[in-house]
Amino acid sequence: SVDPKAVSTLEAVSRERRTLVTSVIPSVVSIRTSKRVSIRRQYMDPFEFFYRNSRGFRSPREEEMVQNSLGSGVIVSEEGHIITNNHVVDQVDEIEVQLSDGRAKKARLVGADGVVDLAVLKIDEPGLKPLKLGDSEAVQAGDFVLAIGNPFGFGETVTDGIISSKGRPNRIDGFGDLLQTNAAINPGNSGGPLLNLRGEIIGINTAIISGSGGSQGIGFAIPSNSVRTALESLLKQGRIIHGY
């Protein structure tokens, strides 16, 4: 038999986690981007030379297609500013943000930086609920965390885990500056928040190490203190000025 007191304790923990997830999900968004690209057909057209060399005409062998991709983001201001990864919105033609209640809004790019892999988007929508940026310096290995995002297009997906490692100064590949977590992070989670038990953003999920392309329990997030500095610079100047 199961001890009722033990069950009640576990149920209390479950209720608290449920409350936490319910309160933060409205601040997490799904991002869909589209990009128009030209492709060349394989067959040979006898008039190929003339089309290709005529100004203003596209070759009959060239067709335009739209590439779509998915990502995640998190609302960080009541004015509608959203943090995501630069690689989610880099060199795209259109950005659409879907809120947790299903509303879809066109977003504009405020600023981005490929070095830190962060971007700031803006939507015009009243009544948004931003999440607070926490202190990533206070984060330690073993801390419980939640990751929320849009993996493989399954929006509002919640995974949990711990901080696996923090700060590896001997690495020179950039991963040493990131927070490592075993919370499942998959393609589409990029740009979503890594949260502490207070519902504060302690990181922006950005990368995985995987041989299969899916989660193997080794995910990485940009620390919130780095995000805060980047956010201020992107809002003020539209870019981040790096030292030489």
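Just above, that's the structure.
Residues numbered from 1 in each chain as written. Predicted model: local features only at pLDDT ≥ 70, side-chain atom pairs only at ≥ 80, totals over all residues. Heavy atoms only, no water.

1. Observations regarding the side chain of N85
Next up, step 1: Relative to the elements of secondary structure, N85 occurs in the loop between strand 3 (81-84) and helix 3 (86-89).
Next up, step 2: Residue class for N85 comes out buried when judged on its relative accessible area of 0%.
Next up, step 3: Within the structure, the side chain of N85 is placed 2.8 Å from the backbone nitrogen of G191, a separation counted as a polar contact.
Next up, step 4: Polar side-chain contacts of N85 include one of 3.3 Å to the side chain of T206. (Helix = DSSP H or I, 4+ residues; strand = E, 2+ residues; numbered from the N terminus. Buried < 20%, exposed > 50% of the residue type's maximum accessible area, 1.4 Å probe, protein only. Polar contact = N/O pair within 3.5 Å; in protein donor to acceptor, adjacent residues only side chain to side chain.)

2. Focus: the pairing of strand 7 (residues 118-122)
Next up, step 1: Counting buried residues in strand 7 gives five out of five residues, a clear majority hidden from the surface.
Next up, step 2: Summarising the sheet, strand 3 and strand 7 pair through four bridges and their orientation is antiparallel. By the bridge assignment, I83 is partnered in strand 7 with V120.
Next up, step 3: In terms of strand pairing, strand 6 (residues 108-113) meets strand 7 through five bridges, oriented antiparallel. Note on strand 7: the bridge partner recorded for G111 is V120.
Next up, step 4: From the end of strand 6 to the start of strand 7, which pair antiparallel, there are four residues, and D117 there has a positive phi angle of about 60°. (Pairing = 2+ DSSP bridges.)

3. Remarks on the pattern of salt bridges
Next up, step 1: Taken as a whole, this structure holds nine salt bridges when the rule is applied.
Next up, step 2: For D101, the salt bridge is made with R103, and the minimal N-O distance between the two is 2.7 Å.
Next up, step 3: We classify R103 as partly exposed; its relative accessible area is 33%.
Next up, step 4: With a shortest N-O distance of 2.8 Å, D124 and K122 are connected by a salt bridge.
Next up, step 5: Residue D124 is classed as exposed on the basis of its relative accessible area of 64%.
Next up, step 6: A residue is classified by how much of its surface remains accessible, and K122, at 13% relative accessible area, is buried.
Next up, step 7: What emerges from the salt-bridge pattern is a single network uniting R36, D93, E94 and K106. (Salt bridge = Lys/Arg side-chain N within 4 Å of Asp/Glu carboxyl O.)

4. So, helix 1 (residues 4-24)
Next up, step 1: Taking 1.5 Å of rise per residue, 21 residues should cover 30 Å, and helix 1 covers 30 Å from first to last C-alpha, within 8% of that figure.
Next up, step 2: Taken as a whole, helix 1 has its buried residues at L20, V21 and V24. For helix 1, the angular spread of the buried residues around the axis is 95°, confining them to a single face. Every exposed residue of helix 1 that faces more than 90 degrees away from the buried side is listed here: P4, K5, R18, T19 and T22.
Next up, step 3: The inward-facing, buried residues of helix 1 abut strand 1 (28-40), strand 8 (144-149), strand 9 (157-166) and strand 11 (193-195). (Expected span 1.5 Å × (residues − 1). Arc of directions from axis to C-beta. Contact = heavy atoms within 4.5 Å.)

5. So, the nonpolar core
Across soluble globular proteins, nonpolar side chains have a tendency to be buried as a group.
Next up, step 1: In terms of nonpolar packing, the biggest core is built from 25 residues, with V74, I83, L118, I201, I204 and V227 touching the most fellow members.
Next up, step 2: Sorting the residues of this core by element identifies helix 1, strand 7, strand 8, strand 12 (201-208), strand 13 (219-223) and helix 4 (224-237) as the ones contributing at least two each.
Next up, step 3: Of the residues forming this core, the biggest block, four residues, is contributed by helix 4. (Core = buried A, V, L, I, M, F, W, Y, C linked by side-chain atoms within 4.5 Å.)

6. Brief notes about the environment of A141
Next up, step 1: With respect to the helices and strands, A141 occurs in the loop between strand 7 and strand 8.
Next up, step 2: Residues A141 and K166 lie 25 residues apart in sequence; the distance between their C-alpha atoms is 6.3 Å.

7. A few points about the environment of L195
Next up, step 1: In this structure, L195 sits in strand 11.
Next up, step 2: L195 has contacts with V24, L131, F144, V145, L146, I148, E200, I201 and I202, leaving out every residue within four places of it along the chain.

8. Some thoughts on the sheet that holds strand 13
Next up, step 1: Taken in spatial order, the six strands close into a barrel running 8-9-10-13-12-11, and their pairing is antiparallel. Averaged over all adjacent pairs, the angle separating strand axes in this sheet is 45°, with direction ignored.
Next up, step 2: Pairing geometry for strand 12 and strand 13, over five bridges, is antiparallel. Within the sheet, the bridge partner assigned to I204 lies in strand 13 and is I222.
Next up, step 3: On top of the sheet, helix 4 reaches strand 12 and strand 13; it is set at about 50° to strand 13, its chief contact. (Axes fitted to C-alpha atoms, helices over the stretch in contact; angles between N-to-C directions.)

9. Considering unusual backbone geometry
Next up, step 1: Not every positive phi belongs to a glycine, and Q91 is a case in point at roughly 55°.
Next up, step 2: As for its position among the elements, Q91 is in the loop between helix 3 and strand 4 (94-98).

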